[in-house]
Amino acid sequence: MLQQLVNGLILGSVYALLALGYTMVYGIIKLINFAHGDLYMMGAFMGYYFLNKLTFISNGGLRLFVALIATMIGTAILGVVIEFLAYRPLRNSTRIAALITAIGVSFFLEYIMVYFFTADVKPFPQVLDSTKFNLGPVTVDSIQLIILGVSLFLMVALQLIVQKTKMGKAMRAVSVDSDAAQLMGINVNRTISFTFALGSALAGAAGVLLGLYYNQIEPLMGMTPGLKAFVAAVLGGIGIIPGAALGGFVIGVIETFTYVIGLDTFRDAIVYIVLIIILLVRPSGILGKNVKEKV
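- Looking at an unreviewed UniProt entry, one finds the protein chain named Branched-chain amino acid ABC transporter permease and attributed to Streptococcus zhangguiae.
- A UniProt comment under Sequence similarities (unreviewed entry) is attached to the protein chain, and it reads "Belongs to the binding-protein-dependent transport system permease family. LivHM subfamily."
- Reading the Subcellular location (unreviewed entry) entry of the UniProt record for the protein chain gives the comment "Cell membrane".

This is the structure we're talking about:
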């Protein structure tokens, strides 16, 4: 059980990166960006491309670092383009219109990749040698430690950006009241674009890390992890950054513990059952607060 707990925390750290993108976008413009899981898929393919093209870098760790940075930049740009072309024109429309558009963008990204790269599974380049470490009853390898370390670093960096920078202050202001923020001189469009860029960069990093974790990628790989990350965001309290991170870790642990109780075949269903229970018992999430609205 202790081994599965460690495995769950490592997997959950990647889910947390994905959930942070969901929760930031929802906190800013109240949009559930169902295309976010496919940005994770695009990040995995970008990482695949960069790792194969950077063979002139002999050091595997350095090649992974360069590919990770390039992927985060690429997915950040893609996220901004999607926001500008698909979501910004519908910002004053009904929520259902924006939601349907997000689903449409998701299918577009998936099947444009199927068209160009086919639906075949591709082996993800393994640029790092795996070294196992026995820590008493727990065994971890170097790749798992790198995944956990990079994920935690990115989560801490995100928190510092949101809490300590001028743009982070603008993000918090727009999430509270975009009209009042605009009256105070904040460029709302630029702030929303920055939020999409930040969330998409984290999704791209998650794609590279899970490519390393599972050793394979394919164009439809973003659907299930994307939904699990959404469950994690709701579980922790959607719109709350620490809540999304907490929810990601919880979902990762729940998923790995299905192997302990012999229900690994139903691990996806169990995650969705957890979502239903949370919506029934505490709709605002673990760290969320009930907010009363005047009608």
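Past the structure itself, the notes keep going.
**Some thoughts on the overall build of the protein chain**
Then, number 1: Check the secondary structure of the protein chain and you find 11 helices and four strands.
Then, number 2: Against the 2.2 N^0.38 benchmark of 19 Å for 295 residues, the protein chain shows a C-alpha radius of gyration of 19 Å, consistent with a compact globule.
Then, number 3: By its C-alpha atoms, the protein chain is 55 × 45 × 40 Å across when sized along the principal axes.
Then, number 4: Across the 295 residues of the protein chain, 48% fall into the buried class.
Then, number 5: Long-range contacts, defined as pairs at least 24 residues apart, comprise 77% of the intrachain contacts of the protein chain with a sequence gap of at least 6.
Then, number 6: Total accessible area on the protein chain stands at roughly 14700 Å², and carbon and sulfur atoms take up 67% of it.
Then, number 7: The positive charge centre, built from 19 side chains, and the negative charge centre, built from 13, are 13 Å apart in the protein chain.

**Description of unusual backbone geometry**
Then, number 1: Look at Lys30: it is not a glycine, yet its phi comes out positive at around 55°.
Then, number 2: As for its placement among the helices and strands, Lys30 is situated in the loop between α1 (2-29) and α2 (36-53).
Then, number 3: Taking relative accessible area as the criterion, Lys30 reaches 34% and is therefore assigned partly exposed.

**Some points on the UniProt feature "transmembrane region" (unreviewed entry) in the protein chain**
Then, number 1: UniProt records the feature "transmembrane region" (unreviewed entry) at residues 6-27, 64-85, 97-118, 143-162, 192-214, 229-257 and 269-288, using the numbering of this structure.
Then, number 2: From the first C-alpha to the last, residues 229-257 spans 17 Å; its make-up is 86% helix and 0% strand.
Then, number 3: Structurally, residues 269-288 comprises 65% helix and 0% strand, and the distance from its first C-alpha atom to its last is 24 Å.

**Concerning the environment of Ala98**
Then, number 1: Mapped onto the fold, Ala98 is located in helix α4 (residues 95-117).
Then, number 2: The class of Ala98 is buried, set by a relative accessible area of 13%.
Then, number 3: Considering only alpha carbons, one finds Ala98 and Phe34, 64 residues apart in sequence, at a separation of 10 Å.
Then, number 4: Those residues in contact with Ala98 that sit more than four places away from it in its chain are Leu31, Tyr87 and Leu90.

**Description of the pairing of strand β2 (residues 132-135)**
The two faces of the sheet receive side chains in turn, since in a regular strand these alternate between them.
Then, number 1: The pairing of β2 with strand β3 (residues 138-141) spans four bridges and is classified as antiparallel. Its bridge partner being in β3, Leu135 is matched across the sheet by Val138.

**Notes on the pattern of salt bridges**
Then, number 1: For the structure shown, the criterion picks out five salt bridges.
Then, number 2: Two residues, Arg88 and Glu83, come together in a salt bridge whose shortest N-O distance is 3.1 Å.
Then, number 3: Linking Asp268 and Lys228 is a salt bridge whose minimum nitrogen-to-oxygen distance equals 2.7 Å. On the criterion of sequence distance, the pair formed by Asp268 in helix α11 (residues 267-281) and Lys228 in helix α9 (residues 223-236) is long-range, its members being 40 residues apart.

**Remarks on the packing of aromatic side chains**
Then, number 1: Scanning all chains against the criterion turns up eight aromatic pairs.
Then, number 2: Plain terms: the ring middles of Phe107 and Tyr111 are 6.4 Å apart, the flat faces sit at 20° to each other, and that makes the pair stacked. In this pair, Phe107 and Tyr111 are both assigned in helix α4, four residues apart and thus about one turn of the helix distant.
Then, number 3: Members of the aromatic cluster, each reached through a chain of ring pairs, are Tyr22, Phe34 and Phe230.
Then, number 4: For the cation-ring pair, Lys30 lies above Tyr26, with the distance from its terminal atom to the ring centre recorded as 5.7 Å.

Cut-off values and rules
- Residues numbered from 1 in each chain as written.
- Predicted model: local features only at pLDDT ≥ 70, side-chain atom pairs only at ≥ 80, totals over all residues.
- Heavy atoms only, no water.
- UniProt positions renumbered as here; feature names shortened; annotations may be inferred.
- Helix = DSSP H or I, 4+ residues; strand = E, 2+ residues; numbered from the N terminus.
- Rg over C-alpha atoms; globule rule 2.2 N^0.38 Å.
- Buried < 20%, exposed > 50% of the residue type's maximum accessible area, 1.4 Å probe, protein only.
- Contact = heavy atoms within 4.5 Å.
- Areas by Shrake-Rupley, 256 points an atom, 1.4 Å probe, with all protein chains shown as cover.
- Lys, Arg positive; Asp, Glu negative; His and termini not counted.
- Charge placed at Lys NZ, Arg CZ, Asp CG, Glu CD.
- Pairing = 2+ DSSP bridges.
- Salt bridge = Lys/Arg side-chain N within 4 Å of Asp/Glu carboxyl O.
- Phe/Tyr/Trp six-rings, centres within 6.5 Å; stacked < 30°, edge-to-face > 60°.
- Lys NZ or Arg CZ within 6 Å of the ring centre and 35° of its normal.

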